[in-house]
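# Tertiary structure, described
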Amino acid sequence: YYNSNTIIYLNGQLVKASEAKTDLYGQSLHYGFAAFEGIRAYKTHNATRIFKAREHFERLKRSCELTGIPFTWNIDDLIRQSYRLLELNNLKDAYIRPLVFSEPQMTLVAPEHTSIMLCAWEWAAYLGDRQLKVCISPFERPNPKSIKIEAKISGNYVNSILATSDAKNKGFDEAILLDANGFVAEAPGANIFIEKGGKLYTPAKGNILPGITRATMIELCKVLDIEVIEKEITVDFLKEADGSFFCGTAVEVVGIHTIDETVYRQRWRDSIGATLQRAYKNLVLEKVNYEVII
Ligand code: PMP
C-alpha cells in the first residue's frame, strides 16, 4: 500500500506515510469507533478524475453525524487535498481511503476531537473480473437496532471480515449476508442486484450500507429503461433468479456464478449485469455521460 516515498494527508498536512504517527491509546484502535470511505479515481481521456468525490465525502460526514464522531472539515478542501495526494504520489488510477479517527481516549464516550487522514494506492478490482462463487453466510449483517448500519464505521467491518473468512475457508470467493429478518442484505463490502424476467431487484435501504455504486446502478437503469425494484428479497428468490451481481466502489460491477450449490443458467454476457458493467466502466472513464450512456 505504501513505500518510503508515499505521501499521505494528515490533519491539514501532507506528510510521509512512513513517518506519520498515530497513538496506541486511540479509541478508534481499541473499539473500532472511526468512520471511513472508499473512493476511486480513474484515468480518463482528459485527466485523472475522482468518481463521485462529493458523494463519498458527504457520506463520510453523514457516517460521523449518525454516530457522534466530530467532523470539522470542509468537503471542498478534502476533495482538493485528494487530487493533490494523487498528484504527489503520481497515481492515475487509484483507490482513496479517508479515515476519521479519535485521539487518545479509553472511555466509551464519543470523542470531542478527531483526526482525518487520506491515503491512496493503486488497487485492481477488489474481487477480480471473473464471475464469483458465493455462499450464504452464517453471519448476519448487524441489526440496525444495534448499530448504525447506514454509517461506514470501522467497527461494522468485524462482521465483514468474519463473513469473508468463513466464505474463503469453505472455498467460496465471497459471502452474501442476510439481515436480521432473514432477507438478503449485502456482501461484506458490496451491494447486490438480482435479475429476474428482465427486471432488477435490490434490497431496500434499512439493513444495508446505501452504496454510491448502488445509486449509480439505479441512475444507469433509468437511462437504460430497466426497471429496478427495491424490496425485501428472500434467499429462494435470489437462487431462482436469472442472475445476480455485486457492485461497489472497490469491486465495481462483478457477476455471480453460483450461490451455494445453485448455478445460474443465464450467461453473464447476456445479462443486465453485463450491460451495467460496461455502462459503469464507460461512465467512470468519462467515455460517455448519462444522457448518451448506450
Ligand atoms: N456495502 C458494504 C458493506 C460496503 O462496505 C460497501 C463498500 N463501501 C458497499 C456496500 C458499496 O458501497 P459503495 O458503492 O459506496 O462503495
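So, how was this worked out
Residues numbered from 1 in each chain as written. Predicted model: local features only at pLDDT ≥ 70, side-chain atom pairs only at ≥ 80, totals over all residues. Helix = DSSP H or I, 4+ residues; strand = E, 2+ residues; numbered from the N terminus. Rg over C-alpha atoms; globule rule 2.2 N^0.38 Å. Buried ≥ 20, exposed ≤ 12 C-beta atoms within 10 Å, placed from the backbone. Contact = placed C-beta atoms within 7 Å. Near = placed C-beta within 6 Å. Nonpolar A, V, L, I, M, F, W, Y, C, P; charged D, E, K, R; others polar. Domains from an automatic or database assignment. Axes fitted to C-alpha atoms, helices over the stretch in contact; angles between N-to-C directions. Parallel < 35°, antiparallel > 145°, perpendicular 65-115°, else oblique. Expected span 1.5 Å × (residues − 1). Pairing = 2+ DSSP bridges.

## Some remarks on the overall build of the protein
Along the protein, the regular secondary structure elements total seven helices and 16 strands. Against the 2.2 N^0.38 benchmark of 19 Å for 294 residues, the protein shows a C-alpha radius of gyration of 19 Å, consistent with a compact globule. The dimensions of the protein, computed from C-alpha atoms along their principal axes, are 50 × 45 × 30 Å. Counting the 294 residues in the protein, one finds 40% classified as buried. Of the contacts made within the protein by residues no fewer than 6 positions apart, 69% connect residues no fewer than 24 positions apart.

## Observations concerning the site of the ligand
Contacts to the ligand come from Gly-38, Glu-186, Gly-189, Ala-190, Asn-191, Leu-209, Gly-211, Ile-212, Thr-213, Arg-214, Gly-248 and Thr-249. The element best represented in the shell around the ligand is helix 5 (residues 212-224), accounting for three residues. Tallied by class, the residues present in the shell around the ligand amount to three nonpolar, seven polar and two charged.

## Re the domain arrangement of the protein
Its domain assignment divides the protein into domain 1 (7-121) and domain 2 (132-292). Computed from C-alpha atoms alone, the centre-to-centre distance between domain 1 and domain 2 is 25 Å. Of the residues lining the interface, 25 residues belong to domain 1; the matching set on domain 2 comes to 14 residues. Of all elements in the fold, only helix 1 (27-31), strand 3 (35-36), strand 4 (39-43) and helix 2 (53-67) reach the threshold of two or more residues within the side of domain 1 that touches domain 2. Broken down by element, the residue count for the side of domain 1 that touches domain 2 peaks at six residues, all from helix 2. Of the residues assigned to the side of domain 1 that touches domain 2, the class counts are ten nonpolar, nine polar and six charged.

## Description of the packing of helix 5 against helix 7 (residues 272-284)
The interhelical angle for the contact between helix 5 and helix 7, taken along N-to-C directions, is 105°, at an axis separation of 11 Å. Between helix 5 and helix 7, the angle is such that the two are roughly perpendicular. Residues Thr-216, Met-217, Leu-220 and Leu-224 of helix 5 form the contact with helix 7, whose participating residues are Thr-275, Leu-276, Ala-279 and Tyr-280. The class makeup of the residues in the contact of helix 5 with helix 7 is six nonpolar, two polar and no charged.

## A look at helix 7
With 13 residues, helix 7 ought to run about 18 Å at 1.5 Å a step, and its terminal C-alpha atoms sit 18 Å apart, in line with that. Residues Ile-272, Gly-273, Leu-276, Gln-277, Ala-279, Leu-283 and Val-284 constitute the buried set of helix 7. Elements that come into contact with the buried residues of helix 7 comprise strand 4, strand 11 (191-196), strand 12 (199-203), helix 5, strand 14 (243-248) and strand 15 (252-259). Just downstream of helix 7 lies Glu-286, where phi reads positive at about 55°.

## Digging into the pairing of strand 8 (residues 132-136)
When strand 8 meets strand 15, the two strands line up parallel, connected through three bridges. Its bridge partner being in strand 15, Val-134 is matched across the sheet by Ile-259. Across three bridges, the pairing between strand 8 and strand 9 (residues 174-178) is parallel. Within strand 9, the position partnered with Cys-135 by the bridge is Ala-175.

## Re unusual backbone geometry
Most peptide bonds adopt trans geometry, and most residues besides glycine take a negative phi value. With phi around 60°, Glu-252 is a residue other than glycine that occupies positive phi space. Locating Glu-252 in the fold gives a position in strand 15. You can call Glu-252 buried: it has 20 C-beta atoms within 10 Å. For Glu-286, which is not glycine, the phi torsion reads 55° and is therefore positive. Along the polypeptide, Glu-286 turns up in the segment after helix 7.

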